[in-house]
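Structural characterization, general
So you can see what is in the structure, the chains are spelled out below.
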Amino acid sequence: MGERLRLLTVGVGFAVFSCMSTATEYSLSARADAGVEADNNIRLAPNNEDAVTGYHFSPTLLARVADRDFEASADLDLDFSRFDDSTYDSDDQNLALRFVKQMRTAEYGISAVFKRDSTRTSELEDTGRFTQQATRKEQTTFTPYWTQQLNERNALRVDATLGDTEYESNNFSDSEFESASLTWLYQLTERTGLQLQLYGSSYETTSFRELESESLGVRAGFETALTERLQLNVLAGVSRVDTEYESTFSIGPLAIVSGSDDRGTATFLDAELAYRSERSRWALEIGTDAMPSGDGYLRTNHRVGASWDYQLTDRIDTSIRGQVGRSESLDDQIEDERDYLSAEASLSYRLTPTWNITAKYRHREQDRDIVGDSAESDAVFFTLRYIPVDMTWSR
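What you are looking at is a predicted structure, and each value in this text was computed from that prediction instead of being measured. (Residues numbered from 1 in each chain as written. Predicted model: local features only at pLDDT ≥ 70, side-chain atom pairs only at ≥ 80, totals over all residues. Heavy atoms only, no water.)

A few points about the overall build of the protein
The number of helices and strands found in the protein is 2 helices and 21 strands. For the protein, the proportion of its 395 residues judged to be buried stands at 42%. Taking all contacts inside the protein whose residues are at least 6 apart in sequence as the whole, residues at least 24 apart take part in 56%. (Helix = DSSP H or I, 4+ residues; strand = E, 2+ residues; numbered from the N terminus. Buried < 20%, exposed > 50% of the residue type's maximum accessible area, 1.4 Å probe, protein only. Contact = heavy atoms within 4.5 Å.)

Here's what the structure looks like:
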């Protein structure tokens, strides 16, 4: 499946740029970050803490083309990181392709993402296991959708997702993920929209822990503008999940045997309260979802997050981010609970219209029951960013 998704990603890329021959407006933007960092416990481990210092270079390129009835874009992010301990060195890539086509009463779109990073940056919200090196992790996601307007108030939307995750280590489990949903959208008032969704998914691991899991459920929610500046979005639901284990594997003292089954209920919640003004933005988020994990089974992740961005002056911006969460296996037979926290604060100074410098402090914590001890880390980052003037033209 991984190779099939990569071919689909290339296909979306061809679709994105094949439309450029008839487009009316083009734009090209870029930026480049270069900086240094220091972390006193990069693995977020309770023992054998590794303190490292390093530097990174991260260029970004965004190409966009748009006409009155379509928009296409390609976003490429690169990150080259080097540390005094070379086992954590990593060259990462993130390519996102998107195409949206609008018709008189319908809209369809396709997006594809190919992300190639490492467990050094991706595991806090997933397994919480940071190995003694930057283990390669590759994720490919392909997402088409179709929205059909039925009348002034009603619309139907169909979504699908194909996902593939691969690790270059037997300590983590590769997986394939598929989902589809059918959503009824209803415009209750000018400011409020409702939705009702039927959702189904399947999940399969493809390495040393073999299992197949299927879910089917319903979700409902709304989006409303409480004021001109305050927005509230809520989507909640429940799914029935059936899992079949194909092979024996152990989690601590527990062994799941071949052929055993598990049936459970997974809850879903995605809620955000956001405020925007000319100089500031803040948001509060609450979420719960059962997602595939590098541990080889479905994990339920409960999280609460907050963010605040404020423009102190014309040249100085500040931001604060925070998130606390609890991660656990959806299967009650597997006891692997984990609490985690991440918080960061940054201050950015605009040197010129194209140059700025940012200082950031980050604190992380986690407590894994299977380890029996907690861990924390503190890190600082100093980054110089160059943002050239965007290039735009039309034909």
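Next comes the rest of the write-up.
Overview of the nonpolar core
With 12 residues, the main nonpolar core is built from Phe177, Tyr199, Tyr203, Leu211, Val241, Tyr245, Ala266, Ala290, Tyr297, Leu298, Leu330 and Ile334. Looking at this core, the elements with two or more residues in it are β9 (192-205) and β11 (230-245). Tyr26, Val65, Ala72 and Phe99 belong to the second largest nonpolar core, which has 5 residues in total. (Core = buried A, V, L, I, M, F, W, Y, C linked by side-chain atoms within 4.5 Å.)

Things to note about the pattern of salt bridges
Proximity of charged atoms lets side chains of opposite charge pair with each other. Tallying each qualifying case throughout the model produces 20 salt bridges. Arginine 64 is the partner of glutamate 71 in a salt bridge, and the nearest nitrogen-oxygen pair spans 3.1 Å. Assessed through its relative accessible area of 27%, glutamate 71 is described here as partly exposed. Given a relative accessible area of 28%, arginine 64 falls into the partly exposed group. The partner of arginine 326 in a salt bridge is aspartate 339, with the nearest N and O atoms 2.8 Å apart. Here arginine 326 is found in strand β17 (residues 316-329), whereas its partner aspartate 339 is found in strand β18 (residues 338-350), with 13 residues between them in sequence. The network of salt bridges with shared partners includes Glu25, Arg64, Glu71 and Arg98. (Salt bridge = Lys/Arg side-chain N within 4 Å of Asp/Glu carboxyl O.)

Topic: the pairing of strand β15 (residues 280-292)
With 8 bridges connecting them, strand β14 (residues 261-276) and β15 associate as antiparallel partners. Residue pairing in the sheet places glutamate 272 in a bridge with glutamate 285 of β15. Linking β14 back to β15 in an antiparallel pair, the connection comprises 3 residues. Pairing of β15 with strand β16 (residues 298-311), which is carried by 13 bridges, proceeds in the antiparallel orientation. Bridged to methionine 291 within β16 is arginine 299. Hairpin geometry of β15 and β16 is characterised by an intervening segment of 5 residues between the two adjacent antiparallel strands and by a positive phi of about 95 degrees at glycine 296. (Pairing = 2+ DSSP bridges.)

Things to note about a negative patch on the surface
A cluster of acidic residues, Glu178, Glu204, Glu210, Glu212, Glu214, Glu244, Glu246 and Asp261, forms a negative patch on the protein surface. Take glutamate 244: it is sitting in strand β11. You can call glutamate 244 partly exposed: its relative accessible area is 35%. (Patch = residues over 30% accessible without salt bridge, like charges linked within 9 Å, V, L, I, M, F, W, Y side chains within 5 Å. Areas by Shrake-Rupley, 256 points an atom, 1.4 Å probe, with all protein chains shown as cover. Lys, Arg positive; Asp, Glu negative; His and termini not counted. Charge placed at Lys NZ, Arg CZ, Asp CG, Glu CD.)

Digging into the side chain of aspartate 331
In this structure, aspartate 331 sits in the loop between β17 and β18. At 2.3 Å, the side chain of aspartate 331 forms a polar contact with the side chain of tyrosine 245. When neighbours within four sequence positions are excluded, aspartate 331 is seen to be in contact with Tyr245 and Asp262. (Polar contact = N/O pair within 3.5 Å; in protein donor to acceptor, adjacent residues only side chain to side chain.)

Describing the packing of aromatic side chains
The way to describe two aromatic rings as a pair is by their centre distance and the angle between their planes. By the definition in use, this model includes 9 aromatic pairs. Ring geometry for tryptophan 355 against tyrosine 386: centres 4.7 Å apart, planes inclined by 40 degrees, an arrangement best described as tilted. One end of the pair, tryptophan 355, is in strand β19 (residues 355-368); the other, tyrosine 386, is in strand β20 (residues 373-386), with 31 residues separating them in the sequence. Tyrosine 386 gets classed as partly exposed once you look at its relative accessible area, which sits at 33%. Each member of the aromatic cluster is reached from another via a ring pair, and the members are Phe70, Phe99, Tyr108 and Trp146. Residue placement shows arginine 157 over the ring face of tyrosine 145; its charged tip is 4.2 Å from the ring centre. Positioned above the aromatic ring of phenylalanine 381, the side-chain terminus of lysine 360 is 4.7 Å from the ring centre. (Phe/Tyr/Trp six-rings, centres within 6.5 Å; stacked < 30°, edge-to-face > 60°. Lys NZ or Arg CZ within 6 Å of the ring centre and 35° of its normal.)

A look at the environment of aspartate 174
Along the chain, aspartate 174 falls in the loop between β7 (154-167) and β8 (175-187). Distance from aspartate 174 to lysine 137, taken between C-alpha atoms, is 9.4 Å for residues 37 residues apart in sequence. Separated by 2.8 Å, the side chain of aspartate 174 and the backbone nitrogen of tyrosine 167 make a polar contact.

Describing unusual backbone geometry
The phi angle at leucine 44 is positive, at roughly 50 degrees, despite the residue not being glycine. Following the sequence through the fold, leucine 44 ends up in the loop between β1 (25-39) and β2 (52-66). For leucine 44, a relative accessible area of 1% corresponds to the buried category.

A few points about a nonpolar patch on the surface
Among the surface-exposed residues, Met103, Trp146, Leu150, Leu156, Val158, Leu182, Trp184, Leu196, Leu198, Val218 and Val238 lie close enough to one another that they form a single nonpolar patch of about 940 Å² accessible area. Within the residue set of the nonpolar patch, elements represented by two or more residues are β7, β8 and β9. As for its position among the elements, valine 158 is in strand β7. Classification of valine 158 by relative accessible area gives partly exposed; the value is 43%.

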